Amino acid sequence: MTQKKAELATPYLSGLLDFWLTKCNAGGLPTPSSIAPADLRPWKDHIVVFEVIGDDASDCGAFVYSYYGKALAAAFGHSRLGATLDDLPAEQRAVLQPEYDAVRRERLPLARIHTADFAGRTRSWERLVLPLSSDGVTIDKLLVAAYELAIRPSGGYAPAPSALPPLPTNVLKPGVSA
């Protein structure tokens, strides 16, 4: 597995990627058991965790929301806890399913910025998808974090001021529990 760090607009996502990389052992993927819930405290309101059910070798697995952060529930008007990716509207599923399948297939993190109409309002979100494997072979969880972005007047993106509390100092120190 190549561990090349991507450029991310959101410092929180950079911190989460750094943290995830510290949990990769000898080039392998982190195990869910190597990440304590307290370790995720800086990101907890902006993450979702998917249980991956099905064959890791094909793109036919199901994704079940097993955790849904409060900030995301507030931003989208509800929690999807317990729902599956199949419960999403077709246009949302068409964007997310290939992305999650690619992370499972390639066994690498994936980051992107997505701009779309969300309930009649154009919004941009930076997303990071991180694979986890309990047995070192099968991707059985996806850790997904998303932060809303604002478009800078000079071009490019910046974290939306209303979306983030002050950045905790421990986000920049991977592996430190909050």
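The structure contained in this document is the topic of the report that follows.

Conventions adopted
Residues numbered from 1 in each chain as written. Predicted model: local features only at pLDDT ≥ 70, side-chain atom pairs only at ≥ 80, totals over all residues. Heavy atoms only, no water. Helix = DSSP H or I, 4+ residues; strand = E, 2+ residues; numbered from the N terminus. Buried < 20%, exposed > 50% of the residue type's maximum accessible area, 1.4 Å probe, protein only. Contact = heavy atoms within 4.5 Å. Areas by Shrake-Rupley, 256 points an atom, 1.4 Å probe, with all protein chains shown as cover. Salt bridge = Lys/Arg side-chain N within 4 Å of Asp/Glu carboxyl O. Phe/Tyr/Trp six-rings, centres within 6.5 Å; stacked < 30°, edge-to-face > 60°. Lys NZ or Arg CZ within 6 Å of the ring centre and 35° of its normal. Core = buried A, V, L, I, M, F, W, Y, C linked by side-chain atoms within 4.5 Å.

### Digging into the overall build of the protein chain
- Assigned secondary structure in the protein chain consists of 3 helices and 6 strands.
- Its helices and strands in sequence order give the protein chain the pattern α-β-β-α-α-β-β-β-β, from N to C terminus.
- Expressed as a percentage of the 178 residues in the protein chain, the buried residues total 44%.
- Restricting the contact set of the protein chain to residue pairs at least 6 apart, pairs at least 24 apart contribute 51%.
- Accessible surface for the protein chain amounts to roughly 8,900 Å². Of this, 56% is attributable to carbon and sulfur atoms.

### Brief notes about the pattern of salt bridges
- Under the counting rule described, the total for this entry stands at 5 salt bridges.
- One salt bridge connects E99 with R127, and the closest N-O pair in it is separated by 2.3 Å. Of this pair, E99 sits in helix α3 (residues 90–106) while R127 sits in strand β4 (residues 121–132), and the two are 28 residues apart along the sequence.
- Using a relative accessible area of 10% as the deciding quantity, one classes R127 as buried.
- With its nearest N and O atoms 3.0 Å apart, the salt bridge here joins E148 to R123. Here E148 is found in strand β5 (residues 141–151), whereas its partner R123 is found in strand β4, with 25 residues between them in sequence. Each of the two residues, E148 as well as R123, counts as buried.
- Beyond isolated ion pairs, a larger network of salt bridges with shared partners links E99, R112 and R127.

### Topic: the packing of aromatic side chains
- Here the structure, examined in full by the defined rule, presents 8 aromatic pairs.
- Aromatic pair F50 and Y65: ring centres 4.3 Å apart, planes at 45 degrees, arrangement tilted. With F50 in strand β1 (residues 47–53) and Y65 in strand β2 (residues 62–68), the pair connects residues that are 15 residues apart, well separated along the chain.
- Ring centres 5.0 Å apart and planes at 35 degrees place the aromatic pair F76 and W125 in the tilted group. With a gap of 49 residues between them, F76 in helix α2 (residues 70–76) and W125 in strand β4 connect regions that are remote in the sequence.
- By relative accessible area, W125 is classed as buried at 5%.
- An aromatic cluster is defined as three or more aromatic residues linked by ring pairs; in this entry it consists of F50, F63, Y65, Y68 and Y100.
- Here R123 stacks its cationic end above the ring of F76, 5.9 Å away from the centre of that ring.

### As for the nonpolar core
- Residues L16, F50, Y100 and L142 are the most contacted members of the largest nonpolar core, which totals 42 residues.
- The dominant element in this core, judged by the number of residues it contributes, is helix α1 (residues 11–22), at 7 residues.
- Aside from chain neighbours lying at most four places away, what touches F50 is F63, V64, Y65, S66, L85, Y100, D140, K141, L142 and V144.

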